[in-house]
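# Architecture at a glance
Below are the chains, spelled out letter by letter.
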Amino acid sequence: TRGTVTAFSPFDARADAEALRKAMKGMGTDEETILKILTSRNNAQRQEIASAFKTLFGRDLVDDLKSELTGKFETLMVSLMRPAYIFDAHALKHAIKGAGTNEKVLTEILASRTPAEVRNIKQVYLQEYEANLEDKITGETSGHFQRLLVVLLQANRDPDGRVDDGLVEQDAQVLFRAGELKWGTDEEKFITILGTRSVSHLRRVFDKYMTISGFQIEETIDRETSGDLEKLLLAVVKCVRSVPAYFAETLYYSMKGAGTDDDTLIRVMVSRSEVDLLDIRQEFRKNFAKSLHHVIQKDTSGDYRKALLLLCGGEDE
């Protein structure tokens, strides 16, 4: 794994549960202990701690965290307690709940997760919420944006294997004709090719496309599409090129300018901390000439900052 958070050793779930109970019992809360324990254990270990906590004290650890902590720090700690697929399912549920849909969350999760991960998310969604994720998403979205989301939800992207040069050439030509060469855009061609072909095949298609058209595929998408569809197509292309680079950019923009998009910052830091946050840090340094650690330090404060910096796991000179 290229995560910053790995299994803690020597691990003692009971000792951790006792330390957490002590940190939250009585007057005042010892936030430092809470953040140190929860950011340095991996998710499987956090689940064991929650189980020991219930066994020892008859209390629910997440409920206690919610009642003792507040604000962004609370959100971050509670997020760390959710198993990965439940975390994604929960984020998607909240993105499509109530008035207005958070297309950004749908885009980020469905463009970046592997087919196996998407299948797991759908299954967990059904178990947790007794609802079909695809039905929920189609009920809240429309048009070509909805169609591409549905294609991604099928999780049937071709597996990576031998790349067929003939098909690479053909797909590149089809995309060229569907966009630059056409009055208007044939969005369906973009949706089918970008939503179903294997990652290694698509990387070759993008190179061939550049040769044929003189444009990067991103430039064409930018010109030929708009709104949520454009953002989703670009996210798919970026994730095909490099998932860590996509998340480095997502983190950068969550903290750029006035105000911070804390929901995005928390979602990415938590969901990638055991997957590829080391690679994301490298891409961040390379593409934005600053370290992720430095930008988090500058942009956040208090216990929230301390916990994020521990998840980040170090400075990249």
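Residues numbered from 1 in each chain as written. Predicted model: local features only at pLDDT ≥ 70, side-chain atom pairs only at ≥ 80, totals over all residues. Heavy atoms only, no water.

Per an unreviewed UniProt entry, the protein chain goes by the name Annexin and belongs to Aegotheles bennettii. Listed in UniProt under the heading Sequence similarities (unreviewed entry), the comment for the protein chain reads: "Belongs to the annexin family." (UniProt positions renumbered as here; feature names shortened; annotations may be inferred.)

## Re the side chain of Ser291
As for its position among the elements, Ser291 is in the loop between helix H18 (277-288) and helix H19 (292-299). We classify Ser291 as buried; its relative accessible area is 4%. For Ser291, the contacting residues outside a window of four places in its chain are Phe284, Arg285, Glu315 and Asp316. (Helix = DSSP H or I, 4+ residues; strand = E, 2+ residues; numbered from the N terminus. Buried < 20%, exposed > 50% of the residue type's maximum accessible area, 1.4 Å probe, protein only. Contact = heavy atoms within 4.5 Å.)

## Description of the nonpolar core
Counting residues in each nonpolar core, the largest one holds 97 residues, and the members touching the most others are Met77 and Met269. No other element matches helix H15 (residues 227-241), which puts nine residues into this core. When residues no more than four places from it in sequence are discounted, the contact partners of Met77 are Ile34, Leu35, Leu38, Thr39, Leu65, Leu69 and Ala307. (Core = buried A, V, L, I, M, F, W, Y, C linked by side-chain atoms within 4.5 Å.)

## A word on H15
Compared with the 21 Å implied by 1.5 Å per residue over 15 residues, the 21 Å span of H15 between its first and last C-alpha is a close match. For H15, every residue scored as buried is listed here: Leu229, Glu230, Leu232, Leu233, Leu234, Ala235, Val236, Val237, Cys239 and Val240. Those residues of H15 hidden inside the fold are in contact with helix H7 (103-112), helix H10 (143-154), helix H12 (187-196), helix H13 (199-213), helix H14 (217-224) and helix H16 (243-255). (Expected span 1.5 Å × (residues − 1).)

## Remarks on the packing of H10 against H15
Axis separation between H10 and H15 bottoms out at 8 Å; the angle between their running directions is 30 degrees. Viewed along their axes, H10 and H15 adopt a mutual orientation that is roughly parallel. The two elements H10 and H15 cross, and the hand of that crossing is left-handed. Residues His144, Phe145, Leu148, Leu149 and Leu152 of H10 form the contact with H15, whose participating residues are Asp228, Leu229, Leu232, Leu233 and Val236. Of the residues belonging to the contact of H10 with H15, the class tally is eight nonpolar, one polar and one charged. (Axes fitted to C-alpha atoms, helices over the stretch in contact; angles between N-to-C directions. Parallel < 35°, antiparallel > 145°, perpendicular 65-115°, else oblique. Left-handed = near helix turned anticlockwise from the far one by under 90°. Nonpolar A, V, L, I, M, F, W, Y, C, P; charged D, E, K, R; others polar.)

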